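The lines below spell out each chain.
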Amino acid sequence: MSMPDAMPLPGVGEELKQAKEIEDAEKYSFMATVTKAPKKQIQFADDMQEFTKFPTKTGRRSLSRSISQSSTDSYSSAASYTDSSDDEVSPREKQQTNSKGSSNFCVKNIKQAEFGRREIEIAEQDMSALISLRKRAQGEKPLAGAKIVGCTHITAQTAVLIETLCALGAQCRWSACNIYSTQNEVAAALAEAGVAVFAWKGESEDDFWWCIDRCVNMDGWQANMILDDGGDLTHWVYKKYPNVFKKIRGIVEESVTGVHRLYQLSKAGKLCVPAMNVNDSVTKQKFDNLYCCRESILDGLKRTTDVMFGGKQVVVCGYGEVGKGCCAALKALGAIVYITEIDPICALQACMDGFRVVKLNEVIRQVDVVITCTGNKNVVTREHLDRMKNSCIVCNMGHSNTEIDVTSLRTPELTWERVRSQVDHVIWPDGKRVVLLAEGRLLNLSCSTVPTFVLSITATTQALALIELYNAPEGRYKQDVYLLPKKMDEYVASLHLPSFDAHLTELTDDQAKYLGLNKNGPFKPNYYSY
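A quick note: this is a predicted structure, and the numbers were derived from the prediction, not measured. (Residues numbered from 1 in each chain as written. Predicted model: local features only at pLDDT ≥ 70, side-chain atom pairs only at ≥ 80, totals over all residues. Heavy atoms only, no water.)

1. A closer look at the UniProt feature "binding site: substrate" (unreviewed entry) in the chain
Listed under "binding site: substrate" (unreviewed entry) in the UniProt record, and renumbered for this structure, are Thr-155, Asp-229, Glu-254, Lys-284 and Asp-288. Inspection of the secondary structure assignment puts Asp-229 in the loop between strand E7 (225-228) and helix H8 (232-240). Of the residues examined, Asp-229 reaches a relative accessible area of 6% and is grouped as buried. If we ignore the near neighbours within four places in the chain, the residues touching Asp-229 are Cys-151, Thr-152, His-153, Cys-177, Glu-253, Glu-254, Ser-255 and His-399. Topologically, Lys-284 is positioned in helix H11 (residues 282-305). Taking relative accessible area as the criterion, Lys-284 reaches 6% and is therefore assigned buried. For Lys-284, the residues in contact, after removing those within four places along its chain, are Glu-254, Val-278, Asn-279, Asn-289 and Thr-458. (UniProt positions renumbered as here; feature names shortened; annotations may be inferred. Helix = DSSP H or I, 4+ residues; strand = E, 2+ residues; numbered from the N terminus. Buried < 20%, exposed > 50% of the residue type's maximum accessible area, 1.4 Å probe, protein only. Contact = heavy atoms within 4.5 Å.)

Next comes the structure, spelled out in structure tokens:
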């Protein structure tokens, strides 16, 4: 460590000068050695990764470009490994086969399968309950003969679910419910394992529907079960393949958007198969929706914008379970949080939790971040976007991309500038910029990752719902939408308690009689809201 030149101690000035000259000589000698050292590239497997490659599509781009064009400009987030050398080639144009010679899939790059397998193995470590279910039921094969067509986010966690369904006897064909949430390496690992998966990160709208159709439309294979997230797959089969839809034995739906569509079909008398509403099961609502979003909202915002939340003014549209999770996280970091709500009960909960309930128009000019999580459409309109302050961040935590009116921004007078993966600056003629994340699609799964343990709870619930519908005797479930039986919810929860070394208290016979309960549950009536 060199000493300051000024004001040396008396009698040691010459010694310090000589010491500094020696230190400088050693430093320059070391630098010369480093600069002469041969440069080495880092190598993963057989692929050379050049870290000097950056996206070449810089500068502003017109919003008159189509959705499909802008979708292909997406580059993978830190959550997903991507070989940038073939980003410009659509997977639909590639001829790929796995190690077994099968080409019954369409993914970004089958060569990423080994990397994806490691991701799945990591996820399995924190999904012990689902693995336990797999081991318990594997011998019985309760899904033998089931042909499940699925449309969910394709991540390491859902891969564990898909492989569990296969281990229980099902045949599966899978597509993605979101054009940005697929982890390419995980899709490759599933394809290598023999799952017919059609998905990649950055699909266009046309690609999205093509992938769904490839899952459904295959000679010699007809689905008899549907696992959906958002209702797009169910809608496609209902509209395009009505004969297939009539032969479906059951539908399992996990999102509020998809459940809403099912209830609409049921009300119109057009739902000709039984369906299980997983979204409103306790193990989905109170854990995935609340705790998952409480952690992943910050992850998604931090990765994309590097924003500091202390003192920021944030408006969260909707105070359901997702909204509650988001608000709790934002408040904990010192943000000033406003709520918009249509439901007086949720609004009162927000007030009692210390938040101010407002109309969006009242705060839109002053807030720094706008987050939607309502499941509705046009919650944030062009009028709201026009009135936002410069650099306001806009994102969606609901399943569907209908909450923010992104279509209204695709006009010639506005300019889009892609600044990083899933982050666009929408620029007004006066220079004002609005920061739009994931083009209004689901933030956490498009721009980051979600906690594995919470997804284990949801995945176990989905697996049990499929087993229940597939094995139910004729007449148990009619052509309607059902909630998961309470006993099954409690079973899912009990499978996850050992992870915390939790020990349940058991009722005595006298206590059970006093409460009018079975000692083994269910412990709450169906109307209990937890």
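Next comes the rest of the account.
2. Some details on the environment of Thr-155
Mapped onto the elements of the fold, Thr-155 is located in the loop between strand E4 (147-152) and helix H5 (156-167). Exposure remark for Thr-155: the relative accessible area of 4% places this residue in the buried category. In sequence terms Thr-155 and Leu-445 are 290 residues apart; their C-alpha atoms lie 8.8 Å from each other. For Thr-155, the residues in contact, after removing those within four places along its chain, are Ser-181, Gln-183, Val-186 and Leu-445.

3. Concerning helix H6 (residues 184-192)
Within H6, eight of the nine residues are buried, which leaves the element mostly enclosed by the surrounding structure. Buried residues of H6: Asn-184, Glu-185, Val-186, Ala-187, Ala-188, Ala-189, Leu-190 and Ala-191, and no others. Elements that come into contact with the buried residues of H6 comprise helix H3 (113-125), H5 and strand E6 (196-198). Where H6 ends, the next residue or the one after it, Gly-194, has phi of about 105°, a positive value.

4. Concerning the pairing of strand E13 (residues 369-372)
Where a strand is regular, its side chains alternate between the two sheet faces. Neither face of E13 is open: one carries Val-369 and Ile-371, the other Val-370 and Thr-372, and all of them are buried. When strand E10 (residues 313-317) meets E13, the two strands line up parallel, connected through four bridges. Bridge pairing in E13 links Cys-317 to Thr-372. Bridge count between E13 and strand E14 (residues 392-396): four bridges; the pairing is parallel. Across the sheet, the residue bridging to Ile-371 is Cys-395, located in E14. Taken together, E13, helix H15 (residues 382-387) and E14 constitute a β-α-β crossover, and its handedness is right-handed. (Pairing = 2+ DSSP bridges. Right-handed = clockwise from strand over helix to strand, strands pointing away.)

5. Brief notes about the packing of aromatic side chains
Within this structure, the stated rule accounts for ten aromatic pairs. Ring centres 4.9 Å apart and planes at 80° place the aromatic pair Phe-208 and Trp-209 in the edge-to-face group. Under the relative-accessibility criterion, Phe-208 is labelled buried at 6%. Both rings, one in Tyr-319 and one in Phe-355, keep their centres 5.9 Å apart while their planes meet at 65°; by these two values the pair is edge-to-face. (Phe/Tyr/Trp six-rings, centres within 6.5 Å; stacked < 30°, edge-to-face > 60°.)

6. As for the nonpolar core
Core analysis: the biggest nonpolar cluster contains 55 residues, and Leu-143, Ile-148, Ile-154, Leu-165, Trp-174 and Val-197 have the highest contact counts within it. Secondary-structure elements contributing two or more residues to this core are H3, helix H4 (128-137), H5, strand E5 (171-176), H6, E7, helix H17 (452-471) and helix H18 (486-496). Top contributing element to this core by residue count: H17, with ten residues. For Ile-154, the contacting residues outside a window of four places in its chain are Trp-174, Ser-175, Ala-176, Ser-181, Thr-182, Gln-183, Val-186, Ala-187, Leu-190, Val-197 and Ala-199. (Core = buried A, V, L, I, M, F, W, Y, C linked by side-chain atoms within 4.5 Å.)

7. Topic: the UniProt feature "binding site: NAD(+)" (unreviewed entry) in the chain
Summarizing the sequence annotation, UniProt attributes the feature "binding site: NAD(+)" (unreviewed entry) to Gly-320, Glu-321, Val-322, Gly-323, Lys-324, Gly-325, Glu-341 and Asn-444 in the numbering used throughout. Gly-320 gets classed as partly exposed once you look at its relative accessible area, which sits at 28%. Given a relative accessible area of 0%, Gly-325 falls into the buried group. If near-sequence neighbours (up to four positions away) are discounted, Gly-325 is found in contact with Leu-290, Cys-293 and Arg-294.

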